Amino acid sequence: MSRKIYINSEIVSEENAKVSVLDHGYLYGDGVFEGIRAYNGRVFKLDEHIKRLYQSAKTIMLKIELTPAEMKEAILETIRANELKDAYIRVVISRGIGDLGLDPLKCKNSTLVIIASKISLYDPKFYEEGLKIKTVPTRRNGPEMVNPRIKSLNYLNNIMARIEANLMNSPEAIMLNSEGYVAECTGDNIFIVYDGELITPPITAGILRGIKREVAMQLAEELGLNVKEMLFTRHDLFNAEECFLTGTAAEVIPVVEVDGRQIGSGKPGPYTNNIIEKFRELTQSTGVPIYK
Ligand code: PMP
């Protein structure tokens, strides 16, 4: 069955979902996006994703034609049109059609596209065995440049890191910030368990404020772990008891080796496994219902 795509207030078949080559999203990567998941007939953390989308748009002065409530309905409608209960949803808002110059004032209306699709999950063996990943040379954009808190269509910084990871046969890439502290991965936030505490880089390290990051922090606190947002180095990472990544696609995924150094026992640690279990319970039982 061909996917049904939402494009500028219409739902059309995939073949008819077309964006102009003069759209500045295409010409300049000028726009913002969100990746959202639905589990078991509910959209997980939908309000949080919508909030982040509007915040990203506000910073880049991109006008979204819909109100947040209308956006929520458009997302649900797109999932319903595709009759999905479990889905990956991509919301993309680009600056719209302009001329060949980069001035956004020439773009009259932003373009909104919503794609709801079946998910291709990470291989389950990664959740049992953990990932072996590497640090890459490309540093994460700093907040003093284009702030990584903006989830923009301009992902070249992360794509460069992903290319380097691919060259090293690493399934994800650890990116450092300009000062050499651990920032995040190309599409995931990073956590370590060190001396029995859960540590993740602060937003000011230059990272995306991941929605699954916030969920993992909350779940860890409920499990009685002390959670700290603190800068750390690769040295801290190598000597951590546990490490895991969070993100919409990856959910919560263990890391057992970094740059050839075994992390902890070399197997997913007990705190990580507990957080994974709680995370799964939460995704299956909460969220905005898709069908009435
Ligand atoms: N960092 C980056 C750079 C990302 O693109 C993402 C989203 N894939 C994340 C972290 C994780 O954010 P979230 O938990 O909201 O998916």
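Analysis parameters
Residues numbered from 1 in each chain as written. Predicted model: local features only at pLDDT ≥ 70, side-chain atom pairs only at ≥ 80, totals over all residues. Heavy atoms only, no water. Pairing = 2+ DSSP bridges. Helix = DSSP H or I, 4+ residues; strand = E, 2+ residues; numbered from the N terminus. Phe/Tyr/Trp six-rings, centres within 6.5 Å; stacked < 30°, edge-to-face > 60°. Buried < 20%, exposed > 50% of the residue type's maximum accessible area, 1.4 Å probe, protein only. Near = heavy atom within 4 Å. Polar contact = N/O pair within 3.5 Å; in protein donor to acceptor, adjacent residues only side chain to side chain. Areas by Shrake-Rupley, 256 points an atom, 1.4 Å probe, with all protein chains shown as cover. Nonpolar A, V, L, I, M, F, W, Y, C, P; charged D, E, K, R; others polar. Patch = residues over 30% accessible without salt bridge, like charges linked within 9 Å, V, L, I, M, F, W, Y side chains within 5 Å. Salt bridge = Lys/Arg side-chain N within 4 Å of Asp/Glu carboxyl O. Core = buried A, V, L, I, M, F, W, Y, C linked by side-chain atoms within 4.5 Å. Contact = heavy atoms within 4.5 Å. Domains from an automatic or database assignment. Buried area = accessible area lost by both parts, 1.4 Å probe. Axes fitted to C-alpha atoms, helices over the stretch in contact; angles between N-to-C directions. Parallel < 35°, antiparallel > 145°, perpendicular 65-115°, else oblique. Left-handed = near helix turned anticlockwise from the far one by under 90°.

Novice: Account for the pairing of strand 9 (residues 182–185), naming residues and giving values.
Specialist: Direction of pairing for strand 8 (residues 173–176) relative to strand 9: antiparallel, over a ladder of three bridges. Paired with Met 175 across the two strands is Glu 184, which belongs to strand 9. From the end of strand 8 to the start of strand 9, which pair antiparallel, there are five residues, and Gly 180 there has a positive phi angle of about 95°.

Novice: I'd like a rundown of the packing of aromatic side chains, residues and numbers included.
Specialist: Where two aromatic rings form a pair, the distance of their centres and the angle of their planes describe that pair. Across all of its chains, the model carries six aromatic pairs by this definition. For the pair Phe 33 and Tyr 155, a centre-to-centre distance of 5.3 Å together with 70° between the ring planes defines the contact as edge-to-face. Taken together, the residues Phe 33 in strand 3 (residues 31–39) and Tyr 155 in the loop between strand 7 (131–135) and helix 5 (156–167) connect sequence positions 122 residues apart. On the accessibility criterion, Phe 33 (9% relative accessible area) is buried.

Novice: Hey, could you go over the site of the ligand for me, with residue numbers and the actual values?
Specialist: What surrounds the ligand is a group of 18 residues, the closest being Arg 52, Tyr 155, Glu 184, Ile 211 and Thr 248. Between Lys 151 and the ligand, the recorded distance is 3.4 Å, taken from a side-chain N or O atom to an oxygen atom. Ile 211 places a polar main-chain atom, nitrogen or oxygen, 2.8 Å from an oxygen atom of the ligand. For the ligand, the protein covers 93% of the area, taking 390 Å² as the surface of the free molecule. Elements with a contribution of two residues or more to the shell around the ligand: strand 9, helix 6 (211–222) and strand 13 (242–247). Its residues assigned to classes, the shell around the ligand shows four nonpolar, eight polar and six charged.

Novice: Give a detailed account of a nonpolar patch on the surface, specifying residues and quantitative values.
Specialist: A surface patch of nonpolar side chains, about 810 Å² in accessible area, is lined by Val 21, Leu 22, Tyr 26, Leu 27, Tyr 28, Ile 97, Leu 100 and Leu 102. Positionally, Leu 22 belongs in the loop between strand 2 (10–13) and helix 1 (24–28).

Novice: Describe the nonpolar core, listing the residues and the values that go with them.
Specialist: Among soluble globular proteins, nonpolar side chains are generally buried collectively. Formed by 29 residues in total, the largest nonpolar core has its most connected members in Met 71, Ile 75, Ile 89 and Val 91. Mapped onto this core, the elements with two or more residues apiece are strand 3, helix 2 (46–59), helix 3 (68–81), strand 5 (87–94) and strand 6 (111–117). Once you skip the residues sitting within four places of it in the chain, Met 71 turns out to touch Ile 50, Leu 53, Tyr 54, Ile 64, Leu 66, Val 91, Ile 93 and Leu 112. In this structure, Leu 131, Cys 185, Ile 190 and Phe 232 belong to the second largest nonpolar core, which totals 21 residues.

Novice: Pulling in residues and values, what's your account of the domain arrangement of the protein?
Specialist: Domains assigned within the protein are domain 1 (4–117) and domain 2 (124–284). The C-alpha-based centres of domain 1 and domain 2 are spaced at 27 Å. Contacts between domain 1 and domain 2 engage 26 residues on the former and 20 residues on the latter. For the pair domain 1 and domain 2, the summed buried surface comes to about 1,900 Å²; carbon and sulfur atoms form 62% of the total.

Novice: So, the packing of helix 2 against helix 3: which residues are in play, and what are the values?
Specialist: With their axes 10 Å apart at the nearest point, helix 2 and helix 3 run at an angle of 125° to one another. Taken together, the axis directions place helix 2 and helix 3 in an arrangement best described as oblique. For the pair helix 2 and helix 3, the sense of crossing is right-handed. Of the residues in helix 3, those touching helix 2 at Leu 46, Asp 47, Ile 50, Leu 53 and Tyr 54 are Pro 68, Met 71, Lys 72, Ile 75 and Leu 76. When the residues that make up the contact of helix 2 with helix 3 are grouped by side-chain class, the tally is eight nonpolar, no polar and two charged.

Novice: Give me the sheet that holds strand 3: which residues, what numbers.
Specialist: One open sheet holds the seven strands; their spatial order is 2-1-6-5-3-4-16, and the pairing between them is antiparallel. With partners counted over all chains shown, the strands left at the sheet margins are strand 2 and strand 16 (288–289), one partner each. Sheet topology note: the strand 3/strand 4 (residues 42–43) ladder contains two bridges and is antiparallel. Looking across to strand 4, one finds that Tyr 39 is bridged to Arg 42. Each of strand 1 (4–7), strand 2, strand 3, strand 4, strand 5, strand 6 and strand 16 touches helix 3; the most contacted strand, strand 6, lies at about 40° to it.

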